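Here's the letter readout for the chains.
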Amino acid sequence: MTRTRALTLILAIVFLLVALALPASARTIVVDPAGGADATGINAAIALAADGDAVIVHSGTYHGTVHVDKRLTLTGTDTGSGRPVVDGEGDWGIEVTAGHCLVRGFSIRNCSVGILIEGIYDNTITGVTIADNSISDTTDESISVENCKGHRITGNTVSASQFGIHLMSNDNVVEGNTVSGMTASGIGVDGIGNAVTGNTVYNCHSVGVFVDGTANTVNANIVHDCGEGIMIISSTFNTIAYNAVNRCEDGLYLQDANDNTILGNTAHDNVNGLWLTRSKDNEISDNNLLNNSAPTCADSSLANNTLSGNMGIDNSASATPDGRSSPTAATSNIDGVLLLFGLVAGV
C-alpha cells in the first residue's frame, strides 16, 4: 500500500468515527387524526420518537391518557378547528415521566388529573415545562407535580376543577397562570424552594394560594373572590411579598407559621385584611390594609413578631397595624380569644 493510499484510509476512518460520535439530528413527527401524517394518535407518535424529537399534534380530539416517557417536545397546534383536545375519559390527561420535556398548546378536559408530572419511586425527574395549556373539568388536580423537582408551570389557564395547580415537590416555578372556579384551592404548595409568581387566582371556594412548606416565595400574584386569599400554615422561612388580595374572608392568613416574611402586600375589601394565629417570629412590614371589615386579627398566643411600616386605611374596625393594639376587655382574653381590633405582637 502506498503512503498516499494509507493516509487516505486513515482519514476516512477518522471521518467515520467523528460521524458516528455526532448525535443524530432531531426528528419531527406529525400527528393528525384524519390521517396523512406520521401517526393518527399521540401515543403512537411518541412510540416512534426518540429522545430529543418533536411531536406536533394537529387539531382534533384524542381520547385516553397520553404517556410522555421520553425527552421530547410535545406541541399542540391549531390547524383550523381549534387546539387539539385531550379527553382523559375520567383518567389522567397527560402523564409525564421523563425529564426535560415541553408540553404546550393543548386543551385538556374530562380527567381526574389534567397533567401529572411524576417521579417514579426514587427516580426523580427535572426540567419539564408545562406551558400555554387550557385545562378544565378535572375531578382532582388540573396540574400536579409529585416526587420530583425543578419544573416550570407557565402561562396555563385552569378552570372549573377541584384543585388547580398542586406542587408536592421542590424547586419549581409557577408563573403567569390563570386559575379560577376551583371547588377547593387554586394553587397549593407542599414543598421547599418553590416560586409562585405573577399568577391570577379567583373564584376558588376554599383558598386562593396555599403554602405548607419551607423557603417558598409567593410574589406579585393577584388573588380575589376566594374563601381565604393566601394561607400559610405550619410553614417556616417563606416570603409572601407584593401580592394583591381582595374580596376574600381573610386576605393573608397565617396559622402555626413562624419565621416568615410578609412584605409589601395589599389586602383590601376583605373581611379581615391579615389574620394570624399561633404564629411567631414573623417579619410583617410595609403592607397596606385597605377597606377591610377588620384590618388585622390575631390571637393572644402570638410572640415576637416584628411589625414596621404597615398602613391601614378606611377599615371598618379601628386598629393600629404597627405595634400593640389597645383592645377593650370585650375583645381580649389571655386564653386566646381572637382580638378583633388590631394585630398583637409580643403578647
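Everything numeric here is computed off the predicted structure, so don't read it as measured data.

A. Spotlight on the overall build of the protein chain. From N to C terminus, the protein chain includes two helices and 36 strands. Classification of the 347 residues of the protein chain by burial places 48% in the buried group. Of the contacts made within the protein chain by residues no fewer than 6 positions apart, 32% connect residues no fewer than 24 positions apart. In the structure as shown, the protein chain presents an accessible area of about 14900 Å², 53% of it carried by carbon and sulfur atoms.

B. Structural context of the pattern of salt bridges. Here the structure, examined in full by the defined rule, presents four salt bridges. A salt bridge links R278 to D256; its shortest N-O distance comes to 2.9 Å. Residue R278 is located in the loop between strand 31 (272-277) and strand 32 (283-285), and its partner D256 is located in the loop between strand 28 (250-255) and strand 29 (261-263); the two are separated by 22 residues in the primary sequence. Since its relative accessible area comes to 26%, D256 is described here as partly exposed.

C. Main features of unusual backbone geometry. Phi at D132 takes a positive value of approximately 60°, unusual for a residue other than glycine. Along the chain, D132 falls in the loop between strand 11 (129-131) and strand 12 (134-138).

D. Structural detail: the nonpolar core. Residues I42, L74 and I94 are the most contacted members of the largest nonpolar core, which totals 64 residues. The residues touching I94, leaving out its near neighbours within four places in the chain, are V66, V68, V86, V103, F106, I108, G114, I115 and L116. Counting residues in hydrophobic clusters, the runner-up holds five residues, among them M231, I233, Y253 and W275.

Procedures and definitions
Residues numbered from 1 in each chain as written. Predicted model: local features only at pLDDT ≥ 70, side-chain atom pairs only at ≥ 80, totals over all residues. Heavy atoms only, no water. Helix = DSSP H or I, 4+ residues; strand = E, 2+ residues; numbered from the N terminus. Buried < 20%, exposed > 50% of the residue type's maximum accessible area, 1.4 Å probe, protein only. Contact = heavy atoms within 4.5 Å. Areas by Shrake-Rupley, 256 points an atom, 1.4 Å probe, with all protein chains shown as cover. Salt bridge = Lys/Arg side-chain N within 4 Å of Asp/Glu carboxyl O. Core = buried A, V, L, I, M, F, W, Y, C linked by side-chain atoms within 4.5 Å.

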